[in-house]
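Residue-level structure breakdown
The residues making up each chain are set out below.
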Amino acid sequence: MSQPFKLFRLQQIDNQLDQMHARLREIAVLLQDDASLKSTKDETQKAEHQLTDMRKALRRAEDELQTLRIKIEQTESTLYGGKVRNPKELQDLQNEAIALKKYRSILEDRLLEAMLSEEEAAAEYNQALTRLEIEQARYNGFQIALHDEQAKINKDMVNSEEEKRVTANGIPIEDLNLYNQLRSTRRGIAVAKVSNKACSACGTTLNAALLDAARSPNQLTRCDNCGRILYVV
Ligand SMILES: [Zn+2]
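As the structure is a computational prediction, the values presented were derived from the model and not from experiment.

The next subject is the packing of helix α1 (residues 3-32) against helix α3 (residues 87-168). Relative orientation of the contacting elements α1 and α3 amounts to 155 degrees, with a least axis distance of 9 Å. In terms of orientation, α1 lies roughly antiparallel with respect to α3. As for how α1 packs across α3, the hand of that crossing is left-handed. For the contact of α1 with α3, the class distribution of residues is 14 nonpolar, 8 polar and 9 charged.

Structural data, given as structure tokens:
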């Protein structure tokens, strides 16, 4: 293995390691993200509260109507019971019975409305529960997939680190230092392939002497424009 090739291989491994580190950071963020699940839970809770309110309103409407019905019965039993004889008093009772019955029809309408609202709220709550179930399953599945991916990357990283160690073995320390310095200042590309007699990183055409030097397996040759280490395939 020529020195430029070793460094080129090292660069491939380092790029893979960078990608793995970046993906691990993304996964850490994604694992924390439960916004969608939270908002679905909030919606379900809202729908549940709404249903509770509607049920209370329905019970109130039923109670009110029941109370009124008893009042009407009492008024009519007094009216027709024969104990009240005074015509003025009888007239008043009759008027009261008419007024109460009018109000009864209003309360019956209200009860009907309350029943419809309660039915609607119950349907909405059921739909929210279904949505929550789906969202929870999606969330759980995604978490499992992310953990699996995390475990696989961690395993791959151990292998890559080992491969890196083996590849770097035997490279002179000053060459490694140059490689690391170029990598950090040249957007991750320290070693550039030569293709069509040009540096593939910056595009500069290389003269014959530089091309010859770049073919040497034991020394490092650098592009005279961008300074990267040249590697001839
Ligand atoms: Zn170059």
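Before going further, it helps to examine the nonpolar core. Across soluble globular proteins, nonpolar side chains have a tendency to be buried as a group. In this structure, Leu7, Leu10, Leu176, Tyr179, Val191 and Ile229 are the most contacted members of the largest nonpolar core, which totals 13 residues. Breaking this core down by element, the ones donating at least two residues are α1, α4 (173-185) and β3 (229-232). Tallying contributions element by element places α4 first for this core, with 4 residues. Once residues within four sequence positions are removed from consideration, leucine 176 is found in contact with Leu7, Leu10, Ala168 and Ile171. Grouped together as the second largest cluster of nonpolar side chains are 10 residues, Ala192, Val194, Cys199 and Cys223 included.

On to the pattern of salt bridges. Summed over all chains, the structure comprises 13 salt bridges. Residue glutamate 26 pairs with arginine 23 through a salt bridge whose shortest N-O separation is 2.7 Å. Separated by 3 residues within a single helix, glutamate 26 and arginine 23 lie in helix α1, roughly one turn from each other. The exposure class of glutamate 26 is partly exposed, given its relative accessible area of 44%. Where salt bridges share partners, they join Arg23, Glu26 and Glu149 into one cluster.

Below, the discussion takes up the sheet that holds strand β2 (residues 198-199). Ordered in space as β2-β1-β3, the 3 strands form an open sheet in which the pairing is mixed. Each edge of the sheet is formed by a strand with only one pairing partner; in this case those strands are β2 and β3. Pairing of strand β1 (residues 191-195) with β2, which is carried by 2 bridges, proceeds in the antiparallel orientation. Paired with valine 194 across the two strands is cysteine 199, which belongs to β2.

Basis of the calculations
- Residues numbered from 1 in each chain as written.
- Predicted model: local features only at pLDDT ≥ 70, side-chain atom pairs only at ≥ 80, totals over all residues.
- Heavy atoms only, no water.
- Axes fitted to C-alpha atoms, helices over the stretch in contact; angles between N-to-C directions.
- Helix = DSSP H or I, 4+ residues; strand = E, 2+ residues; numbered from the N terminus.
- Parallel < 35°, antiparallel > 145°, perpendicular 65-115°, else oblique.
- Left-handed = near helix turned anticlockwise from the far one by under 90°.
- Nonpolar A, V, L, I, M, F, W, Y, C, P; charged D, E, K, R; others polar.
- Core = buried A, V, L, I, M, F, W, Y, C linked by side-chain atoms within 4.5 Å.
- Buried < 20%, exposed > 50% of the residue type's maximum accessible area, 1.4 Å probe, protein only.
- Contact = heavy atoms within 4.5 Å.
- Salt bridge = Lys/Arg side-chain N within 4 Å of Asp/Glu carboxyl O.
- Pairing = 2+ DSSP bridges.

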